[in-house]
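Okay, here's what each chain looks like letter by letter:
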Amino acid sequence: DTLVNIERLFQTLDAKLLTEVAERLDAARTVYVVGMQGSFAAAMYCHYIAGMAFTNWQLLESRPDQISDLAVGMGPEDALLAISTPPCSRQAITIAEQARQRGTHVVGVANTRLSPLAVRSDTILLVSTESPQFFDSIVATMLAIEVIVGFMVAKGGPQVVANIERVETCRKMFGEYWEQD
């Protein structure tokens, strides 16, 4: 099922749509990223890799009564990359709904056009989540995120390279990587 999910992603991935998503995210004042419950790992990974290259990405994390504080600044100059696959998180859907009401462009990553996230998104990227396991697969979701961020990095130019180098230098300075003695 995982290989089928990957094949479906690449069969249905529209280069024009991908370009539009990358340009929209690149032009945003702030790119907010949200994914709750089973989608949180994908949202965190998205923020981690994009955050190395871009300084304007913000992960919306669920902390008791604090997510509204993080989302309160969303407006028409911003974008929200929302990830929600079954079972869909009420909080992620509510954030997408609130973002659209504020004029924020919502890019949704969901498994079907009938998803509660899809109907609250301005742009939707569909990923297959079929799995023989108890939980849905996130492999195609993670791959879609890598394709989007990779596309943005490839078009980003010298500033993006400088941002990545700055992050790597800082991580080495703080000893975050294992060094062979």
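Above this text you will find the structure in question.
Residues numbered from 1 in each chain as written. Predicted model: local features only at pLDDT ≥ 70, side-chain atom pairs only at ≥ 80, totals over all residues. Heavy atoms only, no water.

A.B. asks: Outline the overall build of the protein chain, listing residues and values.
C.D. replies: Summing up its helical and strand segments, the protein chain has seven helices and five strands in all. Computed over the C-alpha atoms, the radius of gyration of the protein chain is 16 Å, within 12% of the 16 Å expected from 2.2 N^0.38 for a compact globule of 181 residues. Overall size of the protein chain, expressed as C-alpha extent along the three principal axes, is 50 × 40 × 35 Å. Taken over 181 residues, the protein chain has a buried fraction of 41%. (Helix = DSSP H or I, 4+ residues; strand = E, 2+ residues; numbered from the N terminus. Rg over C-alpha atoms; globule rule 2.2 N^0.38 Å. Buried < 20%, exposed > 50% of the residue type's maximum accessible area, 1.4 Å probe, protein only.)

A.B. asks: Please give an account of helix α6 (residues 139-156) that cites residues and values.
C.D. replies: Between its first and last C-alpha, α6 extends 25 Å over 18 residues, near the 26 Å set by a 1.5 Å rise per residue. Here α6 has its buried residues at Ala140, Thr141, Met142, Ala144, Ile145, Ile148, Val149 and Met152. One or two steps after α6, the chain reaches Gly157, where phi turns positive at roughly 80°. (Expected span 1.5 Å × (residues − 1).)

A.B. asks: Tell me about the nonpolar core, and name the residues and values.
C.D. replies: Within the largest apolar cluster, 31 residues are counted, with the highest numbers of intra-cluster contacts made by Leu25 and Trp57. Of all the elements in the fold, those that place two or more residues in this core are α2 (15-27), β1 (31-35), α3 (40-53), β2 (57-60), β3 (79-83), β4 (105-110) and α6. Top contributing element to this core by residue count: α6, with seven residues. Beyond its immediate stretch of four places on either side in the chain, Leu25 contacts Val31, Trp57, Ala79, Val107, Ile148 and Met152. In this structure, Tyr32, Met36, Ile93 and Ile124 belong to the second largest nonpolar core, which totals 18 residues. (Core = buried A, V, L, I, M, F, W, Y, C linked by side-chain atoms within 4.5 Å. Contact = heavy atoms within 4.5 Å.)

A.B. asks: Give me the lowdown on the side chain of Arg171, citing residues and values where you can.
C.D. replies: Counting through the fold element by element, Arg171 comes out in helix α7 (residues 158-173). Once residues within four sequence positions are removed from consideration, Arg171 is found in contact with Tyr48, Met52, Glu176 and Tyr177.

A.B. asks: If you had to explain the packing of α2 against α6 to someone new, which residues and values would you point to?
C.D. replies: It is the contact of α2 with α6, at a shortest axis distance of 9 Å, that shows an interaxial angle of 65°. It follows that α2 is roughly perpendicular to α6 by the angle criterion. Our pair here, α2 against α6, has a crossing hand that is right-handed. Of the residues in α6, those in contact with Leu18, Thr19, Val21, Ala22, Leu25 and Asp26 of α2 are Val147, Ile148, Phe151 and Met152. Taken together, the residues that form the contact of α2 with α6 break down as eight nonpolar, one polar and one charged. (Axes fitted to C-alpha atoms, helices over the stretch in contact; angles between N-to-C directions. Parallel < 35°, antiparallel > 145°, perpendicular 65-115°, else oblique. Left-handed = near helix turned anticlockwise from the far one by under 90°. Nonpolar A, V, L, I, M, F, W, Y, C, P; charged D, E, K, R; others polar.)

A.B. asks: How would you sum up the pattern of salt bridges? Please name residues and give values.
C.D. replies: Here the structure, examined in full by the defined rule, presents six salt bridges. One salt bridge in this structure joins Arg29 and Glu77, with 3.4 Å as the shortest N-O distance. Here Arg29, found in the loop between α2 and β1, pairs with Glu77, found in the loop between α4 (67-71) and β3; they are 48 residues apart in sequence, far enough to count as distant. For Glu77, a relative accessible area of 43% corresponds to the partly exposed category. Linking Glu168 and Arg171 is a salt bridge whose minimum nitrogen-to-oxygen distance equals 3.7 Å. On the criterion of helical spacing, the pair formed by Glu168 and Arg171 is a turn pair, its members being three residues apart in helix α7. Connected through shared salt-bridge partners, Arg29, Glu77 and Asp78 make up one network. (Salt bridge = Lys/Arg side-chain N within 4 Å of Asp/Glu carboxyl O.)

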